[in-house]
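Each chain, letter by letter, is given below.
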2 protein chains.
Amino acid sequence: MSLPHALLIRNVRPLGKAPVDLLVRDGRIAAIGAALAPPAELPTEEEDGGGALLLPGLVEGHTHLDKTLWGMDWYRNEVGSRLVDKIDNERAFRHASGHDAAGQSLALARAFLARGTTRLRTHVDIDTQAGLRHLEGVIGTRSAMQATQQIQIVAFPQSGLLLRPGTEALLEQAMAEGADLLGGLDPCAIDGDPVRSLDVLFGIAERRGCGIDIHLHEPGAMGAFSLGLIMDRVAALGMQGRVAISHGFCLGDLPPPERDPLIARMAQLGLVLITSAPASRSVPPLMACRQAGLTVLGGNDGIRDTWSPYGNPDMLERAMLIGLRYNLRRDDELDVALDCVTYAGARGCGFAAYGLAPGDRADLVLVEARSVAEAIVARPVRRRVVAGGRIVARDGALI
Amino acid sequence: MSLPHALLIRNVRPLGKAPVDLLVRDGRIAAIGAALAPPAELPTEEEDGGGALLLPGLVEGHTHLDKTLWGMDWYRNEVGSRLVDKIDNERAFRHASGHDAAGQSLALARAFLARGTTRLRTHVDIDTQAGLRHLEGVIGTRSAMQATQQIQIVAFPQSGLLLRPGTEALLEQAMAEGADLLGGLDPCAIDGDPVRSLDVLFGIAERRGCGIDIHLHEPGAMGAFSLGLIMDRVAALGMQGRVAISHGFCLGDLPPPERDPLIARMAQLGLVLITSAPASRSVPPLMACRQAGLTVLGGNDGIRDTWSPYGNPDMLERAMLIGLRYNLRRDDELDVALDCVTYAGARGCGFAAYGLAPGDRADLVLVEARSVAEAIVARPVRRRVVAGGRIVARDGALI
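Every value quoted in this text rests on a predicted model; they were computed, and no experiment measured them.

Undergrad: Looking at this structure, I do not really get the overall build of chain A. What am I missing?
TA: When helices and strands are tallied, chain A shows 13 helices and 16 strands. Across its three principal directions, the C-alpha atoms of chain A cover 65 × 50 × 40 Å. Each of the 399 residues in chain A was classed as buried or not, and the buried ones make up 62%. Here the analysis covers contacts within chain A between residues at least 6 apart in sequence; of these, 75% occur between residues at least 24 apart. Carbon and sulfur atoms provide 52% of the accessible area of chain A, an area that totals close to 13,800 Å². Each charge class in chain A was averaged separately, 41 positive and 47 negative side chains, and the resulting centres sit 2 Å apart.

What follows is the structure, encoded as structure tokens:
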């Protein structure tokens with residue numbers, strides 16, 4: 001670590017607005033304004049922003065660091081189309097290959113950082129075959145990255161919570177060993193017993209005092225049914241503001257008269273909605289959710305894994321895909337796409353001290369773009385990434 | 001132009017297969033095989049392919065070179081959401097700004113070439129306000145690019161064929177001045193008189209002896225109705241194999257019992273289908289269309305224009321968006337996404353001498369990728385682009 005010092009970034013345009021200087025001290029934004037003077041008492045590194053667009057550090061709300069094959073040999077995908085095909089294939093592949101979740105998650109976390117992501121929520125598979133091996137790997141990555149990237153870990157029962165006896169105990173143990181949140185998965189479609197599945201899940205959360213982030217792929221009426229059961233438990237257990245729904249495809253299937261009361265209840269209970277905005281699936285109505293007061297944030301889902309060859313640790317690309325999925329073309333609409341991978345992402349995940357105001361953690365991204373909209377559609381190489389007050393990447397490469 | 005010479009590219013993997021050498025003479029592929037010897041009688045440039053993946057030149061099947069604002073000041077999009085809002089806004093913007101269709105189309109065509117696109121079909125607006133000004137600009141670009149990039153021009157009545165008297169005569173004149181195909185647009189939703197609109201359109205095509213490429217955005221039953229009227233005319237006029245449907249959203253709306261007979265008739269009449277695979281719209285069923293024998297190809301649609309800030313003159317990115325839209329995850333499915341921007345593109349547009357076999361025009365793309373699927377999801381910088389037998393771009397930049 002270097003000695004305490006200040007960083008003065010000159011001539012950047014916060015979210016495309018007029019140029020300012022920005023002073024960073026002790027890892028925080030100390031001041032933002034015109035023609036700032038370096039502090040007299042501290043050695044100060046000056047950086048010319050060159051009129052770049054300034055964004056707060058990007059936020060990945062839903063990925064699977066432990067699954068990625070990033071940087072490995074090309075994986076030839078010949079997997080069947082059903083969800084269970086993908087689940088079973090992956091578990092077998094990782095068992096056979098002795099998949100290195102520690103090394104892989106670190107490689108992908110670093111790739112995210114080089115592209116400006118300074119806060120990240122990852123699900124990590126917990127199952128009776130791998131036990132807590134993947135979790136331990138990703139906890140190592142969280143420690144390795146802690147000075148520059150905040151990582152939240154969700155203990156995720158990818159192979160189901162009820163199907164394999166012993167999973168509940170493993171999830172409890174995962175929480176004890178340092179997972180930040182408890183994950184869930186399709187209580188009807190995968191577990192086949194929604195009431196018992198959710199009772200077990202919320203039981204763990206109650207005992208451990210942790211928040212929940214549930215993968216809900218279930219479509220239409222089935223998904224709406226599960227969502228109702230989830231919300232009953234949020235209300236009964238006083239878990240308002242502590243539960244996230246990932247995917248929530250059902251909200252894209254239902255007609256507005258059925259959908260809107262669900263969304264209103266989600267907003268009332270402080271649920272947040274996390275979407276990868278897949279082009280090939282129904283998706284929750286972004287604007288209607290936001291208008292109802294729901295926080296909606298974006299994530300890649302898996303990146304280059306046995307499930308899918310797609311994904312990119314670049315949250316500006318994810319913002320573009322969100323924009324394309326929701327047909328956001330106007331500049332003011334693209335501000336919403338950016339919000340999904342910045343402010344709404346931080347708020348929805350509960351990342352504190354986030355933003356571009358004095359006192360916020362100095363997580364910053366500088367890109368060559370004339371507007372937020374251009375940053376999203378052009379996804380330029382990150383000229384600089386600042387994390388925790390230090391420049392960590394230049395021109396797309398970590399220092 | 002340089003003197004006649006040969007080009008010997010060593011160590012490339014055609015579509016990811018085993019490494020070969022490739023000999024180019026007189027702008028054509030002369031031989032492909034292991035350890036080729038340079039011809040004794042000609043000076044031969046040797047190029048080390050370094051084991052790169054070799055693709056045939058990429059094909060853009062549907063874009064609007066004349067509309068683009070590529071490289072211009074950022075255009076702040078505040079346009080309304082209806083199709084007519086976008087049409088009227090654009091016509092007014094271009095009239096007020098004196099939009100330079102010649103310079104803009106050339107800039108975008110060159111950007112396409114740098115990213116490996118050697119064949120391209122562009123629509124060009126013909127309307128009573130701009131007259132043939134955009135066409136003349138894009139004809140200039142077609143001439144300027146002819147040694148390296150084949151450009152097909154579609155004379156396109158963006159503001160409707162019937163709505164503004166004089167448009168029919170302008171389209172006839174456009175064909176006389178050198179447009180390659182005749183364009184059409186939503187005969188119900190825009191022109192409001194589908195029978196008369198299509199009779200006028202096919203009348204021009206009959207008189208000029210040209211093929212047709214029709215923008216058909218109309219949804220559901222309305223689109224199916226228009227498609228039926230189009231096919232009646234294809235059959236009556238003997239225009240089998242000479243008509244393309246761009247977009248064809250209606251085929252994504254209809255249930256299979258209504259949709260499949262339409263697709264079968266399209267295949268029987270040799271229609272081709274061109275899609276940008278938009279994430280926010282219904283799209284024709286790619287696999288069902290291919291299984292029915294229909295040629296389906298891909299295109300960007302507009303790129304950075306007053307309609308939309310999106311689009312990228314990179315057909316590997318378009319292949320990725322096609323893959324995402326149709327949920328193509330397996331390597332064999334991603335071969336289909338590549339086909340849409342290579343072989344099917346060339347076949348559907350009628351670009352001759354296309355491919356990687358001896359005798360084909362030497363339009364080649366070298367990328368660092370282990371497989372076709374990786375080339376699509378990673379979209380690496382094009383290491384080399386060869387067009388008409390000459391290396392025209394290195395590492396993403398035109399020479």
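Next comes the rest of the write-up.
Undergrad: I tried to follow the sheet that holds strand β13 (residues 364-367) of chain B on my own but got confused; where do I start?
TA: Strand pairing in a sheet takes place through backbone hydrogen bonds and is either antiparallel or parallel in direction. Residues and elements named next belong to chain B. Strands sit in the order β3-β2-β1-β4-β13-β14-β15-β16 across an open sheet of 8 strands; the sheet is mixed. Either end of the sheet is taken by a strand with one partner, and the two such strands are β3 (28-33) and β16 (397-398). The pairing of strand β4 (residues 44-56) with β13 spans 4 bridges and is classified as antiparallel. Its bridge partner being in β13, leucine 55 is matched across the sheet by valine 365.

Undergrad: Would you explain unusual backbone geometry in this entry?
TA: Non-glycine residue Arg304(A) carries a positive phi angle of around 45 degrees. In this structure, Arg304(A) sits in the loop between β12 (295-298) and α10 (315-325).

Undergrad: Would you mind showing me how to read the environment of Val154(A) here?
TA: Residue and element names in this part refer to chain A. Position of valine 154 relative to the elements: it lies in strand β7 (residues 150-156). Exposure remark for valine 154: the relative accessible area of 0% places this residue in the buried category. Measuring from C-alpha to C-alpha, the distance between valine 154 and methionine 175 comes to 8.8 Å, with 21 residues separating the pair along the chain. Apart from residues lying up to four places away in sequence, valine 154 is in contact with Arg121, Thr122, His123, Val124, Leu181, Leu182, Gly183 and Asp213.

Undergrad: It is not clear to me how the pattern of salt bridges should be interpreted in this structure. Could you clarify?
TA: Pairing of side chains with opposite charge becomes possible as their charged atoms draw close. All names here are of chain A. Overall, the coordinates contain 62 salt bridges over all chains when judged by the stated rule. Between aspartate 213 and arginine 121 there is a salt bridge; the shortest N-O distance is 2.7 Å. In this pair, aspartate 213 is assigned in strand β9 (residues 211-216) and arginine 121 in strand β6 (residues 117-125), connecting sequence segments 92 residues apart. Residue class for aspartate 213 comes out buried when judged on its relative accessible area of 0%. The exposure class assigned to arginine 121 is buried, which follows from its relative accessible area of 2%. Taken together, the shared-partner salt bridges connect Asp66, Lys67, Glu90, Arg94 and Asp125 into one network.

Undergrad: I keep staring at helix α1 (residues 83-97) of chain A and nothing clicks. Help me out?
TA: Spacing of three or four residues puts side chains on the same side of an α-helix, whose turn is 3.6 residues. All names here are of chain A. An ideal rise of 1.5 Å per residue puts 21 Å on 15 residues; α1 measures up with 21 Å between its terminal C-alpha atoms. Every buried residue of α1 is listed here: Lys86, Ile87, Glu90, Arg91 and Arg94. All buried residues of α1 lie within an arc of 125 degrees about the axis, which places them on one face of the element. Looking at α1, the residues exposed on the side facing more than 90 degrees away from the buried face are His95 and Ala96. On its buried face, α1 is in contact with β6 and α3 (133-144). Glycine 98 occupies a position one or two residues after α1 and carries a positive phi of about 60 degrees.

Undergrad: Whenever I open this one, the relation of the copies chain A and chain B confuses me. Can you help?
TA: Two chain copies here: they are related by a rotation about an axis and a translation along the same axis. Superposition record for chain A on chain B: RMSD 0.0 Å, screw rotation 180 degrees, translation along axis 0.0 Å. One copy is carried onto the other by what is essentially a two-fold rotation axis. Proximity to the rotation axis, assessed at the C-alpha, singles out Ala279(A) in chain A; its C-alpha lies 2.3 Å from the axis. Of the interface residues in chain A, 100% have counterparts in chain B that sit at the interface too, so the contact is made through matching surfaces.

Undergrad: Mind showing me how you'd approach the interface of chain A and chain B here?
TA: The figure often quoted for interface size is the accessible area lost as the parts come together. Contacts between the two partners involve 37 residues from chain A, matched on the other side by 37 residues from chain B. Approximately 3,200 Å² of surface area, both sides summed, lies buried where chain A meets chain B, with 54% of it carried by carbon and sulfur atoms. Per-residue buried area on chain A facing chain B is highest for Trp74(A), Tyr310(A) and Arg329(A); these three make up 25% of the total on that side. Summed over the shared surface of chain A and chain B, the number is 22 residue pairs in polar contact (both at pLDDT 80 or more). Residue assignment for the side of chain A that touches chain B shows that the elements contributing at least two residues are α10, α11 (331-340) and α13 (372-378) of chain A. Considering each element in turn, the side of chain A that touches chain B owes the most residues, 6 residues, to α10(A). Here the residues of the side of chain A that touches chain B are counted per class, giving 16 nonpolar, 7 polar and 14 charged.

Undergrad: Quick question: what am I supposed to make of the pairing of β3(B) here?
TA: Walk down a regular strand and you will see the side chains alternate between the two sheet faces. Residues and elements named next belong to chain B. Pairing analysis gives 5 bridges linking strand β2 (residues 20-25) to β3, with the strands arranged antiparallel. Opposite leucine 22, over in β3, you have isoleucine 32 as the bridge partner. In sequence, β2 turns back onto β3 through a hairpin of 2 residues, with aspartate 26 there showing a positive phi of about 50 degrees.

Undergrad: Explanation requested: helix α8 (residues 256-268) of chain A in the structure shown.
TA: Residues and elements named next belong to chain A. With 13 residues, α8 extends 18 Å from end C-alpha to end C-alpha; this agrees with the ideal 18 Å at 1.5 Å per step. Taken residue by residue, α8 has Arg259, Leu262, Ile263 and Met266 as its buried positions. Buried residues of α8, seen end-on, are gathered within an arc of 100 degrees and therefore sit on one face of the element. The outward face of α8, more than 90 degrees from its buried face, is lined by the exposed residues Pro257 and Gln268. Once α8 ends, the next one or two residues include glycine 270, with phi positive near 70 degrees.

Undergrad: Just checking my understanding: could you explain the packing of helix α5 (residues 194-208) of chain A against helix α6 (residues 220-237) of chain A for this structure?
TA: Two quantities define a packed helix pair, namely the angle between the axes and the distance from one axis to the other. Residues and elements named next belong to chain A. Close contact between α5 and α6 brings their axes to 10 Å; oriented N to C, the two are set at 35 degrees. For the element pair α5 and α6, the recorded crossing hand is right-handed. Between α5 and α6, the contacting residues are Pro194, Val195, Leu198, Asp199, Phe202 and Glu206 on the first element and Phe225, Ser226, Leu229, Ile230, Arg233, Val234 and Leu237 on the second. In the contact of α5 with α6, the residues fall into 9 nonpolar, 1 polar and 3 charged.

Undergrad: Looking at this model, I keep getting lost on the nonpolar core. Mind explaining?
TA: Leu227(A) and Leu227(B) are the most contacted members of the largest nonpolar core, which has 185 residues in total. Apart from the residues within four sequence positions on either side, Leu227(A) is in contact with Leu216(A), Ile245(A), Cys250(A), Leu251(A), Leu262(A), Met266(A) and Leu271(A).

Undergrad: So what exactly am I meant to see when it comes to the sheet that holds strand β2 (residues 20-25) of chain A here?
TA: All names here are of chain A. Strand order across the open sheet formed by 8 strands is β3-β2-β1-β4-β13-β14-β15-β16, with mixed pairing between neighbours. Whereas interior strands pair on both sides, the edge strands pair on one side only; in this sheet they are β3 (28-33) and β16 (397-398). The pairing of strand β14 (residues 382-387) with strand β15 (residues 390-394) spans 4 bridges and is classified as antiparallel. Directly across from alanine 387, in β15, lies its bridge partner arginine 390.

Cut-offs used in this document
Residues numbered from 1 in each chain as written. Chains lettered and ligands numbered in written order. Predicted model: local features only at pLDDT ≥ 70, side-chain atom pairs only at ≥ 80, totals over all residues. Heavy atoms only, no water. Helix = DSSP H or I, 4+ residues; strand = E, 2+ residues; numbered from the N terminus. Buried < 20%, exposed > 50% of the residue type's maximum accessible area, 1.4 Å probe, protein only. Contact = heavy atoms within 4.5 Å. Areas by Shrake-Rupley, 256 points an atom, 1.4 Å probe, with all protein chains shown as cover. Lys, Arg positive; Asp, Glu negative; His and termini not counted. Charge placed at Lys NZ, Arg CZ, Asp CG, Glu CD. Pairing = 2+ DSSP bridges. Salt bridge = Lys/Arg side-chain N within 4 Å of Asp/Glu carboxyl O. Expected span 1.5 Å × (residues − 1). Arc of directions from axis to C-beta. Least-squares fit on C-alpha atoms with pLDDT ≥ 70 in both. Buried area = accessible area lost by both parts, 1.4 Å probe. Polar contact = N/O pair within 3.5 Å; in protein donor to acceptor, adjacent residues only side chain to side chain. Nonpolar A, V, L, I, M, F, W, Y, C, P; charged D, E, K, R; others polar. Axes fitted to C-alpha atoms, helices over the stretch in contact; angles between N-to-C directions. Left-handed = near helix turned anticlockwise from the far one by under 90°. Core = buried A, V, L, I, M, F, W, Y, C linked by side-chain atoms within 4.5 Å.

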